[in-house]
Amino acid sequence: MTVIAEERPYAMSFFDVAIPKAAGSIVEEKKKGKKVMGHYCVFAPQELAMAAGAVPVALCATKEEPIADGEKVLPRNFCPLIKSSYGFAITDKCPFFLHSDLVMGETTCDGKKKMFELMGQFKPMHVMSLPAGSKSEADRAYWMAEMKRAKGAIEEFFQVTITDEALTTAIGELNAERRLMQRLAGYLKHDPAPMSGQDLLKVLWSRNFSFDRAAFAERVEELMAELDERIAQGVGAAAKGAKRIIVTGVPTGVGTEKVIRIIEESGAAVVFLENCAGMKQFLVTVDETKPPLEAIGEKYLATPCSCMSPNRDRLELLVRLIDEYKADGIVDITWQGCHTYNVEARLLRDYIREQREMPVLHIETDYSEGDSQQIRTRVQAYLEMLGGV
Amino acid sequence: MESKGAAATPACAPAPNQKAPDGATIVAGIDAGSTAVKLVLDDGNRRSVWQRPSGWSPGETARELLQEALAAWGRKREDVAHICGTGYGRVNLPFLDSAVTEIACHARGAVHLRPGAQLVIDIGGQDAKGILVGATGRVLDFVMNDKCAAGTGRFLAVMAHALGMEVAEMGALVPGEGLPMAGIHPHPINAMCTVFAESEVIGLLNQGVDRRAIIAGLHQSVARRVAAMVARLGASGPVLFTGGVARNAGVGAALEKELGCPVEVNEQSPFAGAIGAVLIAREKAAG
Ligand code: SF4
Ligand code: SF4
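Residues numbered from 1 in each chain as written. Chains lettered and ligands numbered in written order. Predicted model: local features only at pLDDT ≥ 70, side-chain atom pairs only at ≥ 80, totals over all residues. Heavy atoms only, no water.

Digging into the overall build of chain A
At step 1: Across its full length, chain A carries 16 helices and 10 strands.
At step 2: What you see for chain A is a C-alpha radius of gyration of 20 Å, in line with the 21 Å of a compact globule of 389 residues.
At step 3: Counting only C-alpha atoms and orienting by the principal axes, one finds that chain A spans roughly 60 × 40 × 40 Å.
At step 4: Here chain A, with 389 residues, has 58% of them falling under the buried criterion.
At step 5: Here the analysis covers contacts within chain A between residues at least 6 apart in sequence; of these, 75% occur between residues at least 24 apart. (Helix = DSSP H or I, 4+ residues; strand = E, 2+ residues; numbered from the N terminus. Rg over C-alpha atoms; globule rule 2.2 N^0.38 Å. Buried < 20%, exposed > 50% of the residue type's maximum accessible area, 1.4 Å probe, protein only. Contact = heavy atoms within 4.5 Å.)

Structure (structure tokens):
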């Protein structure tokens, strides 16, 4: 018998307040004299900031509220993630942006690329240029040159020297964290999944805002111990046998978990979050046997993002995940105005159908709640379809 | 199957003298759409369809309709073994035994109305959907419009208003030999957004463009939008057009042109969702 948990794991209470708390602790860090480097994307090599003695903090915004401010400058029919990020930046409403000494941008999609030009007018920035692809020798060489340029820029800005030893230490720290997150996500391979996808998201998302990495890791260990107990007792966040869904697509963080919530409210279990707000950044570790800067560059360039062309890695990864997590379906989320993920949705749909005969539900939406009812209908129809109605 | 209220006038009184054999198990399917509530009662031998405009509360309308339909059959709520609800308003129907999405219901209803159908195009008040169905009416895949109204019944209703006519009048204008639309070429409507398309229509009227050409253009615009959407499903078999807009022969003709294949309409097409719901209710009642 499966017991569906009415209560979430007790250890979640730490993660529930982690982000609001972080808004205060960043001020503390600054008072202690810590330098902060904000970054937007999973391509940003956080090891560089850490090796320079700075705290890396994620700035990618997933709140509806600053969008109106963002729209004062940016086109309305733009990706909400960019409008939200920019709205936070110009209004000083985001403490993390406000307290970033240096902001690292990455020329991923065109919208972000141009937004960084505007941002550079009022914030110290370094923008890394991404190659259009990640596979050719020329692309790799180009990216490695960008890695060196970024290292130089950070060194100059913070007036430090980034040593290989410092990089190696940072790699060790972040790799340990990546492995920890992989272990945590692995818990959702169980049926019933001992925690919800919404809670997994919350943990992964709070990671971006926790400045005491060791304390954070301890809490994750605590959570995993509790999940072990739940598995032993047969307690799940959804019923045993519930449809198992992998969520992929654009970054959907805390504040924009609408679709994930609807999937779980409809009785399914979200067992993996492939996107950037989820596991994308934690899936690959840095090779610890190679020269550090080169190894870091390789890891980040391997990010399976739709901004890369072609981006077959994401498709192949999803097929692997379907098998590993025994998924029944895939929900692919695209923000309105995100051309790369929107077009890739078509490639993904065809590939998954071909490889695993599995239909993919593609949802195009934004940060508002206006379409929740319609999304609910789509998700329910998709689940009915997987269940054979 | 008897159809009550399939006529152009949407309001419909349940017909008297339709007593079901006493003791037979009744099941009901309700499609609470944004424009109309449709109800199907089925006692195993006979099936009747009722419908009424949704009004301000589709839930309230559905409850009344069910009461009146049962009264017309001389039966009570207790005689109904299972009520399956679908449509936009299904979440506000507390008396349902089960709720199933309109996608599954239209698929089921469509295959019942047109065995062998492979693609169902359902255009309702708020939504346009393409559903790929298997032989038993199982949904294999589907696509649906985003929150924009282009390509839906709502789009046509707004345009009919701009043209100073009823939607039904507009829908009755079918291209064809000897018909009022003979020799009329669609005037392209370029705006995708309903609000802009409305201004475009008003502008065209002011320029003196033939209303019939505008109407044909509007039908073409809906058809193009829907055809582009369903193309993703890659269907190749028979196509059945369902939902309220299936009454609009102009859209049906435009769809045939855009898809390059016949698009069938059954006289029960507008009720496919409720029919699907009653079929599912019958299965659930049987356990
Ligand atoms: S989706 Fe791509 S561009 Fe966006 S945050 Fe992730 S890696 Fe960066
Ligand atoms: S969601 Fe798409 S458009 Fe928005 S920032 Fe990411 S890649 Fe760019």
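So, a nonpolar patch on the surface
Residues and elements named next belong to chain A.
At step 1: There is a patch of nonpolar side chains on the surface, built from Val73, Ile90 and Phe122 and spanning about 230 Å² of accessible area.
At step 2: By secondary structure assignment, the location of phenylalanine 122 is in the loop between helix H7 (110-119) and strand S5 (125-128).
At step 3: Looking at phenylalanine 122, the relative accessible area reads 37%, which means it is partly exposed. (Patch = residues over 30% accessible without salt bridge, like charges linked within 9 Å, V, L, I, M, F, W, Y side chains within 5 Å. Areas by Shrake-Rupley, 256 points an atom, 1.4 Å probe, with all protein chains shown as cover. Salt bridge = Lys/Arg side-chain N within 4 Å of Asp/Glu carboxyl O.)

Quick notes on the sheet that holds strand S2 (residues 35-39) of chain A
Residues and elements named next belong to chain A.
At step 1: One open sheet holds the 4 strands; their spatial order is S3-S2-S4-S5, and the pairing between them is parallel. Both outer strands of the open sheet, strand S3 (54-58) and S5, are each paired with one neighbouring strand and no more. With direction set aside, neighbouring strand axes in the sheet form an average angle of 25°.
At step 2: With respect to the sheet, helix H8 (residues 137-158) is in contact with S2, S3, strand S4 (102-106) and S5, its orientation differing from that of S5 by roughly 170°. (Pairing = 2+ DSSP bridges. Axes fitted to C-alpha atoms, helices over the stretch in contact; angles between N-to-C directions.)

Examining the interface of chain B and chain A
When the parts of a complex come together, some accessible area is lost, and that lost area is often taken as the interface size.
At step 1: Across the boundary between the two partners, chain B contributes 23 residues, which contact 21 residues of chain A.
At step 2: Between chain B and chain A lies a buried interface of about 1900 Å² when both sides are counted; carbon and sulfur atoms form 49% of it.
At step 3: Summed over the shared surface of chain B and chain A, the number is 2 salt bridges.
At step 4: The closest approach of N and O atoms between Arg353(A) and Asp141(B), which form a salt bridge, is 2.3 Å.
At step 5: One can count 8 residue pairs in polar contact (both at pLDDT 80 or more) joining chain B with chain A.
At step 6: Those elements that provide at least two residues to the side of chain B that touches chain A are helix H2 (102-113) and strand S9 (139-144) of chain B. (Buried area = accessible area lost by both parts, 1.4 Å probe. Polar contact = N/O pair within 3.5 Å; in protein donor to acceptor, adjacent residues only side chain to side chain.)

Thoughts on the side chain of Asn248(B)
At step 1: By the secondary structure assignment, Asn248(B) is in the loop between strand S10 (239-242) and helix H7 (249-259).
At step 2: Discounting residues that sit within four places of it in the chain, Asn248(B) has contacts with Leu156(B), Gly171(B), His219(B) and Phe241(B).

Thoughts on the packing of H2(B) against helix H8 (residues 272-286) of chain B
Residues and elements named next belong to chain B.
At step 1: With their axes 7 Å apart at the nearest point, H2 and H8 run at an angle of 95° to one another. Regarding the angle of H2 to H8, the classification is roughly perpendicular. Residue-level inspection shows Cys105, His106, Arg108, Gly109, Ala110, His112 and Leu113 of H2 in contact with H8, the latter providing Ala272, Gly273, Ile275, Gly276, Ala277, Leu279, Ile280 and Glu283. (Parallel < 35°, antiparallel > 145°, perpendicular 65-115°, else oblique.)

Quick word on the pattern of salt bridges
All names here are of chain A.
At step 1: For the coordinates displayed, the defined rule picks out 49 salt bridges over all chains.
At step 2: Taking the shortest distance from any N to any O, the salt bridge between aspartate 371 and lysine 258 comes out at 2.8 Å. Of this pair, aspartate 371 sits in the loop between strand S10 (360-365) and helix H16 (372-387) while lysine 258 sits in helix H12 (residues 258-265); the two residues are 113 residues apart in sequence, bridging distant segments of the chain. With respect to class, aspartate 371 is no different from lysine 258; both count as buried.
At step 3: One continuous salt-bridge network, built from bridges that share partners, spans Glu274, Lys280, Arg314, Asp332 and Glu344.

Here's the deal with the site of ligand 1
At step 1: Around ligand 1 lies a shell formed by Cys41(A), Val42(A), Phe43(A), Thr108(A), Lys112(A), Pro251(A), Cys276(A), Cys305(A), Cys307(A) and Tyr341(A).
At step 2: Class assignment for the residues of the shell around ligand 1 results in 8 nonpolar, 1 polar and 1 charged. (Near = heavy atom within 4 Å. Nonpolar A, V, L, I, M, F, W, Y, C, P; charged D, E, K, R; others polar.)

Concerning the confidence of the model for chain B
At step 1: Averaged over every residue, the pLDDT of chain B is 88; the share at 70 or more is 92%.
At step 2: Scored by ipTM, the complex comes to 0.85, with pTM at 0.91. (pLDDT = per-residue confidence, 0-100.)

With respect to the site of ligand 2
At step 1: Taken together, Cys79(A), Leu81(A), Ile82(A), Cys109(A), Lys112(A), Val250(A), Trp335(A), Cys338(A) and Thr340(A) make up the full set of residues adjacent to ligand 2.
At step 2: Grouping the amino acids of the shell around ligand 2 by side-chain chemistry returns 7 nonpolar, 1 polar and 1 charged.

Describing H7(B)
At step 1: Looking at H7(B), one finds that the buried residues are Gly250(B), Val251(B), Gly252(B), Ala254(B) and Leu255(B).
At step 2: By the N-cap criterion, in which a side-chain oxygen at the helix start approaches the backbone nitrogen of a residue two or three places on, H7(B) is capped by Asn248(B), the distance to Gly250(B) being 2.9 Å.

With respect to the side chain of Ser210(A)
At step 1: Among the structural elements, Ser210(A) can be located in the loop between helix H10 (197-207) and helix H11 (213-233).
At step 2: Of note is the side chain of Ser210(A), whose polar atom sits 2.9 Å from the backbone oxygen of Ser206(A).

A word on unusual backbone geometry
Residue and element names in this part refer to chain A.
At step 1: Between aspartate 191 and proline 192 the backbone carries a cis peptide bond, its omega angle lying at -5°.
At step 2: Mapped onto the secondary structure, proline 192 falls in the loop between helix H9 (164-186) and H10.
At step 3: In this structure, proline 310 follows serine 309 across a cis peptide bond, with omega equal to -5°.
At step 4: We note that glutamine 159 has phi near 55°; this positive angle belongs to a residue other than glycine.

Brief notes about the pairing of S10(B)
All names here are of chain B.
At step 1: Going residue by residue along S10, you find Val239 and Phe241 tucked away on one face and Leu240 and Thr242 tucked away on the opposite face as well.
At step 2: Note that strand S7 (residues 119-123) and S10 share 4 bridges and pair parallel. Directly across from isoleucine 121, in S10, lies its bridge partner phenylalanine 241.
At step 3: Regarding topology, H7 serves as the crossover connection from S10 to the parallel strand S11 (residues 263-265), and that connection is right-handed. (Right-handed = clockwise from strand over helix to strand, strands pointing away.)

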